[in-house]
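If you want the building blocks of each chain, they are given just below.
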Amino acid sequence: MTGDLLTTLGATTDSSGEVCVMHYRIDERLGEGGMAVVFAGFDRKLRRGVAIKVLKPEISQREDSRSRFVQEARSLAAVEHDHVVKIHDLMVVLSPTS
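On a predicted model such as this, the values are computed, not experimentally measured, just so you know.

### Quick look at the sheet that holds strand β4 (residues 36-43)
No. 1: The sheet built from 5 strands is open, its strands ordered β1-β2-β3-β4-β5 with antiparallel pairing. On the outer flanks of this sheet lie β1 (12-13) and β5 (48-55), each paired with one strand and no other.

Listed below in structure tokens is the structure:
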């Protein structure tokens, strides 16, 4: 599923063999929950490690799930606390079947 998921996001492989989505390098899959998969990555523009959370394809096809995902990101972005992850970016990529 990981390969299909990254392809849906428009992932490319550069000349050095690194898998990238936009300016994010995808390093490894960290985990998976009921709705999403999380990858460790690297933001090439800001030169920092990131976690990239991606809705599973079967979940992302539902508008209510995409809306909930966006709302979750916006809510977390408004919180500043040492024990709450910081949100630095949000993108919505629709596959042809979405």
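That covers the picture; the talk isn't over yet.
### Here we look at the nonpolar core
Across soluble globular proteins, nonpolar side chains have a tendency to be buried as a group.
No. 1: One finds Leu-5, Leu-6, Leu-9, Val-21, Tyr-24, Ile-26, Val-37, Phe-39, Val-50, Ile-52 and Val-54 forming the largest nonpolar core, which totals 11 residues.
No. 2: Counting residues per element, the ones that place at least two in this core are α1 (2-8), β3 (24-32), β4 and β5.
No. 3: A per-element tally of this core places β5 first, with 3 residues.

### What to know about the environment of Ser-75
No. 1: Assignment of secondary structure puts Ser-75 in helix α3 (residues 63-77).
No. 2: Once the C-alpha coordinates of Ser-75 and Ser-15 are considered, the two residues, 60 residues apart in sequence, prove to be 37 Å apart.

### Describing the pattern of salt bridges
No. 1: One pass over the full model with this rule turns up 9 salt bridges.
No. 2: Across the salt bridge formed by Arg-44 and Glu-18, the nearest N and O atoms sit 2.4 Å from each other. Of this pair, Arg-44 sits in the loop between β4 and β5 while Glu-18 sits in the loop between β1 and β2 (19-21), and the two are 26 residues apart along the sequence.
No. 3: Taking the relative accessible area as the measure of exposure, Glu-18 reaches 28% and is therefore partly exposed.
No. 4: The closest approach of N and O atoms between Arg-66 and Glu-63, which form a salt bridge, is 2.6 Å. Residue Arg-66 and its partner Glu-63 are located together in helix α3, separated by 3 residues, close to a single helical turn.
No. 5: Several salt bridges converge on common partners, so that one network encompasses Asp-14, Glu-18, Arg-25, Asp-27 and Arg-44.

Conventions we followed
Residues numbered from 1 in each chain as written. Predicted model: local features only at pLDDT ≥ 70, side-chain atom pairs only at ≥ 80, totals over all residues. Heavy atoms only, no water. Pairing = 2+ DSSP bridges. Helix = DSSP H or I, 4+ residues; strand = E, 2+ residues; numbered from the N terminus. Core = buried A, V, L, I, M, F, W, Y, C linked by side-chain atoms within 4.5 Å. Buried < 20%, exposed > 50% of the residue type's maximum accessible area, 1.4 Å probe, protein only. Salt bridge = Lys/Arg side-chain N within 4 Å of Asp/Glu carboxyl O.

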